[in-house]
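Residues per chain are reported as follows:
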Amino acid sequence: MFPSDLIAAVSGLIDILRRKRLMLATAESCTGGLIAGLITSVSGSSDVLDCGFVTYSNTAKMRMIGVPAALISNHGAVSEEVARAMAEGAIAHSAADVAVAVTGVAGPGGGTATKPVGLVHCAAARKRHTTLHRELRLGDIGREEVRLETVRAAVAMAYEIAGP
């Protein structure tokens, strides 16, 4: 189901998290649970994955992981500010030490001039660390490709925030 390079990357991530005794949570909008699905496709993931939040709607973002309504109103759901709040909220609402979050426009519709199809904001948070952010501008490469590239970026950010 997932490309072999992603399976290998997640296997390495699981090893790092296990070695550092860190638990992970995901907060996903445009990927709809694919990041958590990828992680759970690897044996041993139960040692490091606490939970996954699929917060597709704005209401779910607010209710499940505490994203402030004002952030969504002022910046839009697809924004750096909301991605950071999602990652930090996933930690606050779970037993995780580390979290990755993604929010974006997968397409084919839904894009605007300022938030085009393929725009994704990714964030990675860790207790007592600065939250990381990456903006992806993938273009209109197709819905599934946007989602897959977003998963790839989230795994890389989880590596980065967990440390070597």
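Residues numbered from 1 in each chain as written. Predicted model: local features only at pLDDT ≥ 70, side-chain atom pairs only at ≥ 80, totals over all residues. Heavy atoms only, no water.

What follows deals with helix H1 (residues 4-20). Counted at 1.5 Å a residue, the expected span for H1 with its 17 residues is 24 Å, and the 25 Å between its end C-alpha atoms agrees. Among all positions of H1, only Leu-6, Val-10, Gly-12, Leu-13, Ile-14, Ile-16 and Leu-17 are buried. Positive phi appears at Arg-21, one or two residues downstream of H1, with a value of about 55°. (Helix = DSSP H or I, 4+ residues; strand = E, 2+ residues; numbered from the N terminus. Expected span 1.5 Å × (residues − 1). Buried < 20%, exposed > 50% of the residue type's maximum accessible area, 1.4 Å probe, protein only.)

Right, let's get into the side chain of Glu-28. In this structure, Glu-28 sits in strand E1 (residues 24-28). For the buried residue Glu-28, which engages in no salt bridge, the nearest side chain bearing the opposite charge is Arg-147, 7.5 Å off. At a separation of 3.3 Å, a polar atom in the side chain of Glu-28 contacts the side chain of Thr-26. Filtering out sequence-adjacent residues up to four positions away, Glu-28 remains in contact with Gly-33, Leu-34, Ile-35, Ala-36, Phe-53, Val-54, Thr-55, Tyr-56, Met-86 and Val-102. (Lys, Arg positive; Asp, Glu negative; His and termini not counted. Salt bridge = Lys/Arg side-chain N within 4 Å of Asp/Glu carboxyl O. Polar contact = N/O pair within 3.5 Å; in protein donor to acceptor, adjacent residues only side chain to side chain. Contact = heavy atoms within 4.5 Å.)

The buried count for strand E4 (residues 119-126) comes to eight of eight residues, which makes it a mostly enclosed element. Judged by which residues are buried, E4 turns out to be covered on both faces: Leu-119, His-121, Ala-123 and Ala-125 on one side and Val-120, Cys-122, Ala-124 and Arg-126 on the other are all buried. Both strand E3 (residues 98-104) and E4 contribute to a ladder of seven bridges, which runs antiparallel. Across the sheet, the residue bridging to Thr-103 is His-121, located in E4. As paired elements, E4 and strand E5 (residues 132-137) share six bridges and run antiparallel to each other. By the bridge assignment, Cys-122 is partnered in E5 with Arg-134. Joining the antiparallel neighbours E4 and E5 is a turn of five residues, in which Arg-128 adopts a positive phi near 60°. (Pairing = 2+ DSSP bridges.)

Our focus in this paragraph is the packing of H1 against helix H6 (residues 143-162). One way to put it is that H1 packs onto H6 with a least axis distance of 10 Å and a crossing angle of 25°. In terms of axis orientation, H1 runs roughly parallel to H6. Of the two elements, H1 crosses H6, and the hand of that crossing is left-handed. Contacts between H1 and H6 pair Asp-5, Leu-6, Ala-8, Ala-9, Val-10, Gly-12, Leu-13, Ile-16, Leu-17 and Lys-20 from the former with Leu-148, Val-151, Arg-152, Val-155, Ala-158, Tyr-159 and Ala-162 from the latter. For the contact of H1 with H6, a count of residues per class yields 13 nonpolar, one polar and three charged. (Axes fitted to C-alpha atoms, helices over the stretch in contact; angles between N-to-C directions. Parallel < 35°, antiparallel > 145°, perpendicular 65-115°, else oblique. Left-handed = near helix turned anticlockwise from the far one by under 90°. Nonpolar A, V, L, I, M, F, W, Y, C, P; charged D, E, K, R; others polar.)

One pass over the structure, following the stated rule, counts nine salt bridges. Measuring nitrogen to oxygen at the nearest pair gives 3.3 Å for the salt bridge that ties Arg-18 to Asp-15. Of this pair, Arg-18 and Asp-15 both sit in helix H1, three residues apart, which is roughly one turn of the helix. Residue classification places Arg-18 among the partly exposed positions, given a relative accessible area of 35%. Among the ionic contacts, a cluster of salt bridges with common partners joins Asp-5, Glu-149 and Arg-152.

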